[in-house]
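Observations on the three-dimensional arrangement
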2 protein chains.
Amino acid sequence: MADSPDPPPSRPTHRPSLRELEAARARIDGRAHRTPVLTSSTLDRLSMATLFFKCENFQRGGAFKFRGACNAVFGLSDEDAARGVATHSSGNHGQALALAARMRGVNAHIVMPENAPAAKRAAVLEYGGQITECAPTLEARETTLATVVAQTGATFVHPYDDTRIVAGQSTATRELLEDVADLDRIVAPVGGGGLLSGAVLSAHHFGRGVLVSGAEPKLADDARRGLKRGERLTPKPPKTIADGLRTALSPLTFGILRAADTAIDVVSEAQIVDATRLVWERMKIVIEPSAAVAIAVALTTAFAGERVGILVSGGNLDLDILPWQRPA
Amino acid sequence: MADSPDPPPSRPTHRPSLRELEAARARIDGRAHRTPVLTSSTLDRLSMATLFFKCENFQRGGAFKFRGACNAVFGLSDEDAARGVATHSSGNHGQALALAARMRGVNAHIVMPENAPAAKRAAVLEYGGQITECAPTLEARETTLATVVAQTGATFVHPYDDTRIVAGQSTATRELLEDVADLDRIVAPVGGGGLLSGAVLSAHHFGRGVLVSGAEPKLADDARRGLKRGERLTPKPPKTIADGLRTALSPLTFGILRAADTAIDVVSEAQIVDATRLVWERMKIVIEPSAAVAIAVALTTAFAGERVGILVSGGNLDLDILPWQRPA
């Protein structure tokens, strides 16, 4: 660190203010896609509700994650940006950060376990990210990240325990509120809680009383149980097919969801797979199982009679073996 | 026929006039979806062109076929409509006709071979169609259809050799021309030729010099060969994976395409499968292999430097086994 004039600032983890939400909105404008809102008479009939699908599967990088990454990367000073960004997520966040960094013309260092799937490595490289390998343990991951940050002066961007990320994700809900009048509810899947926390904040500031709730796999219902108990739970990653939802809430996202008394509904693995397939078949869009979780909740008719906005979180998945082709 | 006051009129098979195109447009307005036009920076890069995807996979019934069926059904007099409509196509056209008839509150008689796949039967029934079974031969199909028409007085609606159908399909191109300025070219896949004929007519009347070309599987290049030779070819249905393109041109569609001297490009089965998968992966939309044929042509960089509108014909396919999972 001797040659780094300013040590990289530790990341902001406070609840984003209205001003930070507005700044995020301005920052992603023209950089992220304003994704379309689709409807489906078939899914309306089956859910007994009126559903509005905010299609973040059409977002750059194939998932909402680009919003937060873009806000983080373009919010840096030129000096900080020049030293690059870094993260240890090799999933949608890592790819989104690599893409946002490339758009700003700076480096993205992505720490990945040496046994990471080839497809994930390829996606990060395709977006121009620089991979640093580590042993496949949590400890090695954090040590390696710290080393990368120390050596390069890059700014660490956490996938969800980060003010800039939550503010960025909030823009999906804000656009939905602008595009669809008189929503009764907005539903988002919950993994680390960034998307849902952003929804809670956007609804609070711009939503005129719209309800926000979360959706989780039964196999990964740590957010639901933790919010009920008033205590953040961090179980081992569960085995749900909704691989984007295996992470636990962070202190930041848990705090936002708890303060809003956010309810979470859960669905089974079979319901997730069925909802994924139904959306492919009837809406002709490719969504990942994590995105189907909120739709699966709607299909239980839990929201009968309501006008419901659903955050369709992403469309990245392995097309070699589809969810309904895997052994149960 | 003794009790039928007016025998059903034989179907119109003349080239649709400007007035008929305008009437079709007015008739489908508010009944068919005005489908979105999507873009993809990845596919632009690979094709070296600027592509605009007119997403008829999002059309009612999952394919452009609803446009023609809707125009035919809603163009009938109340008296004719009351006697229903009939066809012998069990694919996208049969389903589209059933759906349009249900919207008008009249019967659709769909003649299907007794060995038709269960999924096709189910789709027709779901849209409210009435299935009449026949032996699995061309002769039985036509005899059975004639009997249904004689018994019910229903109006036969051919899937493409029909003025009303071609006029209906033309509306896809007209919308695309309205939504995207300064296109150099519009490309459509060619099976029976209804979609491409409609494109030729819309471009002629509304396109200000835009070029129109077709796309065919090499395995089913009867339109290309026939147009070159100046003679309509009607080979046995070929085995291409693009199952919507196994039919041959009709006298009506051959005449329209020949008069416009329409060029057709061809692609291999592997190119069709690769293009299908690429669109699913990168654009996150479900398209059928027939729709991928025009995209596969663009991916050969055949249209480098051009602004190209592509008619994405439909998104109906078997999700149990994907095109890239089938043995070659």
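Basis of the calculations
Position numbers for residues count from 1 along each chain, tracking the sequence in the order it is written. Each chain is given a letter, starting from A, and each ligand a number, starting from 1, according to the order in which they appear as written. At least 70 in pLDDT is required for a residue's local features to be given in this predicted model, at least 80 for side-chain atom pairs to be given and counted, and no such filter applies to totals for whole chains, interfaces and linings, which use all residues. As a rule here, side-chain values come from all non-hydrogen atoms in the structure, and water together with hydrogens is ignored. For the purposes of this entry, the term helix denotes a DSSP run of H or I that reaches at least four residues, the term strand denotes a run of E that reaches at least two, and both are numbered from the N terminus. Only the C-alpha atoms count toward the radius of gyration. The rule for a globule is 2.2 Å times the residue count to the power 0.38. The buried label goes to any residue with under 20% of its type's maximum accessible area, the exposed label to any with over 50%, and the partly exposed label to all in between, with areas taken from a 1.4 Å probe on protein chains only. Contacts: residue pairs with any heavy atoms within 4.5 Å of one another. Using a 1.4 Å probe, buried area is obtained as the accessible area two parts lose upon being combined, added over both of them. Salt-bridge detection follows one rule: a side-chain nitrogen of Lys or Arg within 4 Å of a carboxyl oxygen of Asp or Glu. Under this definition, polar contacts are N or O atom pairs within 3.5 Å; protein pairs additionally need one hydrogen-donor-capable and one acceptor-capable atom, and for neighbouring residues in sequence, both atoms have to be side-chain atoms. Values of pLDDT, ranging from 0 to 100, describe the predictor's confidence in every residue of the model. Simply put, an axis is a line fit to the C-alpha atoms, just over the touching stretch for a helix, and the angle between two N-to-C directions goes from 0 to 180 degrees. Throughout this description, any angle smaller than 35 degrees is read as roughly parallel, any larger than 145 degrees as roughly antiparallel, any in the 65 to 115 degree range as roughly perpendicular, and the remainder as oblique. In this analysis, strands are considered paired if DSSP registers two or more bridges between them. What sets the superposition is a least-squares fit of C-alpha atoms, and only residues with pLDDT of at least 70 in both copies go into it. Each nonpolar core is a collection of buried residues, namely Ala, Val, Leu, Ile, Met, Phe, Trp, Tyr and Cys, held together in the definition by side-chain atoms within 4.5 Å. The disulfide definition used here is simple: a pair of cysteine sulfur atoms within 2.5 Å. Note on aromatic contacts: the rings of Phe and Tyr and the six-membered ring of Trp form a pair at centre separations within 6.5 Å, being stacked when their planes are under 30 degrees apart, edge-to-face when over 60 apart, and tilted otherwise. Throughout this description, the term charge over a ring refers to an Arg CZ or Lys NZ atom that lies within 6 Å of the ring centre and within 35 degrees of the ring normal. Two helices that cross are described as forming a left-handed crossing if the nearer one is turned anticlockwise from the farther one by less than a right angle, and a right-handed crossing if clockwise. Note on residue categories: nonpolar means Ala, Val, Leu, Ile, Met, Phe, Trp, Tyr, Cys or Pro, charged means Asp, Glu, Lys or Arg, and polar means any other residue, Gly included.

A few words on the overall build of chain A. Across its full length, chain A holds 13 helices and ten strands. Its C-alpha atoms give chain A a radius of gyration of 19 Å, near enough to 20 Å, the size a compact globule of 328 residues would have. Principal axes of the C-alpha set define a box for chain A whose edges measure 65 × 45 × 40 Å. For chain A, the residues scored as buried account for 58% of the 328 residues in total.

At the junction of the two partners, chain A supplies 22 residues and chain B supplies 22 residues. Buried surface at the junction of chain A and chain B, both sides included, amounts to about 1800 Å², of which 49% is carbon and sulfur. The three residues of chain A that bury the most area against chain B are Lys284, Val286 and Leu319 of chain A, which together make up 36% of that side's buried surface. Seen at the junction of chain A and chain B, the total is four salt bridges. The shortest N-O distance in the salt bridge between glutamate 126 of chain B and arginine 282 of chain A comes to 3.0 Å. Joining chain A to chain B, the criterion identifies 15 residue pairs in polar contact (both at pLDDT 80 or more).

This part covers the environment of phenylalanine 64 of chain A. All names here are of chain A. Residue placement: phenylalanine 64 occurs in the loop between strand S2 (50-55) and helix H3 (65-74). Its relative accessible area of 11% is what places phenylalanine 64 among the buried residues. Along the backbone, phenylalanine 64 and glycine 168 are 104 residues apart, and their C-alpha atoms lie at a distance of 9.2 Å. Discounting residues that sit within four places of it in the chain, phenylalanine 64 has contacts with Glu56, Gln59, Gln169, Leu195 and Ser313.

So, about the confidence of the model for chain A. Residue and element names in this part refer to chain A. The predicted model of chain A has a mean per-residue pLDDT of 94, with 97% of residues at 70 or higher. Note on residues 1-8: pLDDT under 50 across the span, and nine contacts to partners over four residues away in sequence or across chains. Scored by ipTM, the complex comes to 0.92, with pTM at 0.93.

Further remarks concern the packing of helix H1 (residues 18-28) of chain B against helix H9 (residues 194-206) of chain B. All names here are of chain B. Packing of H1 against H9 brings their axes to within 11 Å, and their N-to-C directions diverge by 105 degrees. The angle between H1 and H9 falls in the class roughly perpendicular. For the pair H1 and H9, the contacting residues are Leu18, Leu21 and Glu22 in the first and Leu201, His205 and Phe206 in the second.

All names here are of chain B. Taking burial as the measure, the six residues of strand S2 (residues 50-55) include five buried ones, the bulk of the element. Pairing geometry for S2 and strand S10 (residues 307-312), over six bridges, is parallel. Looking across to S10, one finds that threonine 50 is bridged to arginine 307.

All names here are of chain B. Taken as a whole and assessed by the stated rule, the structure comprises 38 salt bridges over all chains. Where glutamate 22 meets arginine 174, a salt bridge forms, and the shortest distance between an N and an O atom there is 2.8 Å. Of this pair, glutamate 22 sits in helix H1 while arginine 174 sits in helix H8 (residues 163-179), placing them 152 residues apart in sequence. Judged by its relative accessible area of 33%, glutamate 22 falls in the partly exposed class. Given a relative accessible area of 15%, arginine 174 falls into the buried group. With a shortest N-O distance of 2.9 Å, glutamate 178 and arginine 25 are connected by a salt bridge.

The phi angle at aspartate 182 of chain B is positive, at roughly 60 degrees, despite the residue not being glycine. Along the chain, aspartate 182 of chain B turns up in the loop between H8 and strand S7 (185-189).

In this section: the sheet that holds strand S5 (residues 130-134) of chain A. Residues and elements named next belong to chain A. Read from one edge of the open sheet, four strands run S5-S4-S3-S6, paired in parallel fashion. Of all strands in the sheet, those with a lone pairing partner are S5 and strand S6 (155-156), marking the two edges. When strand S3 (residues 85-87) meets S6, the two strands line up parallel, connected through two bridges. Looking at the pairing, valine 85 lines up with threonine 155 of S6. Sheet strands in contact with helix H5 (residues 92-104) are S3 and strand S4 (108-113), and its direction is about 175 degrees off that of S3.

What follows concerns the sheet that holds strand S8 (residues 211-217) of chain A. Residues and elements named next belong to chain A. Ordered in space as S1-S2-S10-S7-S8-S9, the six strands form an open sheet in which the pairing is mixed. The open sheet is flanked by strand S1 (37-38) and strand S9 (263-267), the only strands paired with a single partner. As paired elements, S1 and S2 share two bridges and run antiparallel to each other. Counterpart to valine 37 in the pairing with S2 is lysine 54. Against the sheet, helix H9 (residues 194-206) touches strand S7 (185-189), S8, S9 and strand S10 (307-312), its axis set at about 170 degrees to S8.

A few words on the relation of the copies chain A and chain B. The operation relating the two chain copies consists of a rotation about an axis and a shift along that axis. Screw-axis analysis of chain A against chain B gives a translation of 0.0 Å along the axis, an RMSD of 0.0 Å, and a rotation angle of 180 degrees. What the rotation and shift describe, once combined, is the action of a two-fold rotation axis. When each C-alpha of chain A is compared by its distance to the rotation axis, isoleucine 285 of chain A comes out closest, at 2.1 Å. A shared binding surface is used by both copies, with 100% of the interface residues of chain A retained as interface residues in chain B.

Right, let's talk about the nonpolar core for a bit. Among the nonpolar cores identified, the biggest contains 76 residues, and Trp280 of chain A together with Trp280 of chain B are the most heavily contacted of them. Elements supplying a minimum of two residues to this core: S2, helix H12 (269-283), helix H13 (289-299) and S10 of chain A together with S2, helix H12 (269-283), helix H13 (289-299) and S10 of chain B.

The subject of this paragraph is the state of the cysteines. Here, disulfide denotes a covalent bond that connects the sulfur atoms of two cysteines. Residue and element names in this part refer to chain B. For the coordinates displayed, the defined rule picks out zero disulfides over all chains. Cysteine cysteine 70 is unpaired, with the sulfur of cysteine 55 as its nearest cysteine sulfur at 20 Å. For cysteine 70, a relative accessible area of 0% translates into the label buried.

What follows covers the side chain of arginine 83 of chain B. In this fold, arginine 83 of chain B is placed in the loop between helix H4 (78-82) and strand S3 (85-87). Judged by its relative accessible area of 15%, arginine 83 of chain B falls in the buried class.

Another aspect to go through is the packing of aromatic side chains. Scanning the entire structure with this criterion turns up three aromatic pairs over all chains. On the numbers, 5.1 Å between centres and 85 degrees between planes, the contact of tryptophan 280 of chain A with tryptophan 324 of chain A is edge-to-face. Here tryptophan 280 of chain A is found in helix H12, whereas its partner tryptophan 324 of chain A is found in the segment after S10, with 44 residues between them in sequence. For tryptophan 280 of chain A, a relative accessible area of 0% corresponds to the buried category. Following the ring pairs from residue to residue traces out a cluster consisting of Trp280 and Trp324 of chain A together with Trp280 and Trp324 of chain B. Lying over the aromatic face of phenylalanine 74 of chain A, arginine 31 of chain A brings its terminal NZ or CZ to 3.9 Å of the ring centre.

With that settled, the discussion passes to the packing of helix H3 (residues 65-74) of chain B against H8 of chain B. All names here are of chain B. At their nearest, the axes of H3 and H8 sit 7 Å apart, and the two run at 130 degrees to each other. As judged from the angle between their axes, H3 and H8 are oblique. The element H3 and its partner H8 pack so that their crossing is right-handed. Contact with H3, carried on its side by Lys65, Arg67, Gly68, Ala69, Asn71 and Ala72, involves Arg164, Ile165, Ala167, Gly168, Gln169, Thr171, Ala172 and Glu175 of H8 and no other residues of that element. Tallied by class, residues from the contact of H3 with H8 come to five nonpolar, five polar and four charged.

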